[in-house]
Amino acid sequence: MKDARPCSIADALALVGEKYSLLVLREVCLGNGRFDQLVRNIGAPRDILATRLRRLVEAGVLEKVAYSERPQRFQYRPTQAGLELEPVLMTLMAWGDRHLRKGDDRPMVIEHVCGHEMLPVVTCAACGDQVRHADLTAHPQAPGWTTTGPTAA
């Protein structure tokens, strides 16, 4: 049997798809990077949270920065790679608000610098048009794969 389709989505999920990883990113992007803040705001067991933080630091998504020497304490900040995941978080939040919440039962609203609520929209970098499913065409680049699956050997 062949391996699964080579996929950047699968690669990304192998890192940020673990339970609590995206919630760690949410909190760090909100400015809550101290371990005790993360434990309180996420509700993750301390050992699992420590493992997620270590993995995100090793992958270059977060950086660990000392904020106290005695006792030595650290906080976590997003790297450029971590900040590039923030639109993913905003899009997930908007999807959850639309499909999993009722009416105005939203736990958080994000305001843009312009003063209005930030509502994420995916646009094409080349033409600026909003991206719609019907306008997309996939072109597999992995050898031996088509959009429907592996090519016959």
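Quick caveat, the model's predicted, so the values are computed rather than measured.

Q: Summarise the pairing of strand β2 (residues 72–78); cite the residues concerned and give the values.
A: Regular strands have side chains that alternate between both faces of the sheet. Two strands pair when backbone bridges link them, and strand β1 (residues 62–69) and β2 are joined in this way by seven bridges, in the antiparallel orientation. In the strand pairing of β2, Lys64 is matched with Tyr76. Between the antiparallel neighbours β1 and β2 lie two residues.

Q: Quick rundown of the side chain of Glu27? Include the residues and the values.
A: The residue Glu27 is located in helix α2 (residues 21–29) in this model. Take Glu27: its relative accessible area is 5%, and that puts it in the buried class. Of the polar contacts made by the side chain of Glu27, one reaches the side chain of Arg26; its length is 2.9 Å.

Q: Describe a nonpolar patch on the surface, listing the residues and the values that go with them.
A: On the surface, Val122, Val131 and Leu136 cluster together into a nonpolar patch covering about 250 Å² of accessible area. Counting through the fold element by element, Val122 comes out in the loop between α6 (86–100) and β3 (145–146). Taking relative accessible area as the criterion, Val122 reaches 51% and is therefore assigned exposed.

Q: Before we move on, can you summarise the environment of Leu53 with the specific residues and values?
A: Note that Leu53 resides in helix α4 (residues 46–58). Note on Leu53: relative accessible area 0%, which makes it buried. Expressed as a C-alpha distance, the spacing of Leu53 and Ala152, which sit 99 residues apart in the sequence, is 42 Å. The residues contacting Leu53, other than those within four sequence positions of it, are Val24, Phe35, Leu38, Leu62 and Tyr76.

Q: Account for unusual backbone geometry, with residues named and values stated.
A: Cis geometry marks the peptide bond from Arg70 to Pro71; its omega dihedral reads -5 degrees. With respect to the helices and strands, the residue Pro71 is situated in the loop between β1 and β2. A positive phi angle, close to 85 degrees, is found at Tyr20, a residue other than glycine. One can find Tyr20 in the loop between α1 (8–16) and α2. For Tyr20, a relative accessible area of 16% gives the class buried.

Parameters at a glance
- Residues numbered from 1 in each chain as written.
- Predicted model: local features only at pLDDT ≥ 70, side-chain atom pairs only at ≥ 80, totals over all residues.
- Heavy atoms only, no water.
- Pairing = 2+ DSSP bridges.
- Helix = DSSP H or I, 4+ residues; strand = E, 2+ residues; numbered from the N terminus.
- Buried < 20%, exposed > 50% of the residue type's maximum accessible area, 1.4 Å probe, protein only.
- Polar contact = N/O pair within 3.5 Å; in protein donor to acceptor, adjacent residues only side chain to side chain.
- Patch = residues over 30% accessible without salt bridge, like charges linked within 9 Å, V, L, I, M, F, W, Y side chains within 5 Å.
- Areas by Shrake-Rupley, 256 points an atom, 1.4 Å probe, with all protein chains shown as cover.
- Salt bridge = Lys/Arg side-chain N within 4 Å of Asp/Glu carboxyl O.
- Contact = heavy atoms within 4.5 Å.

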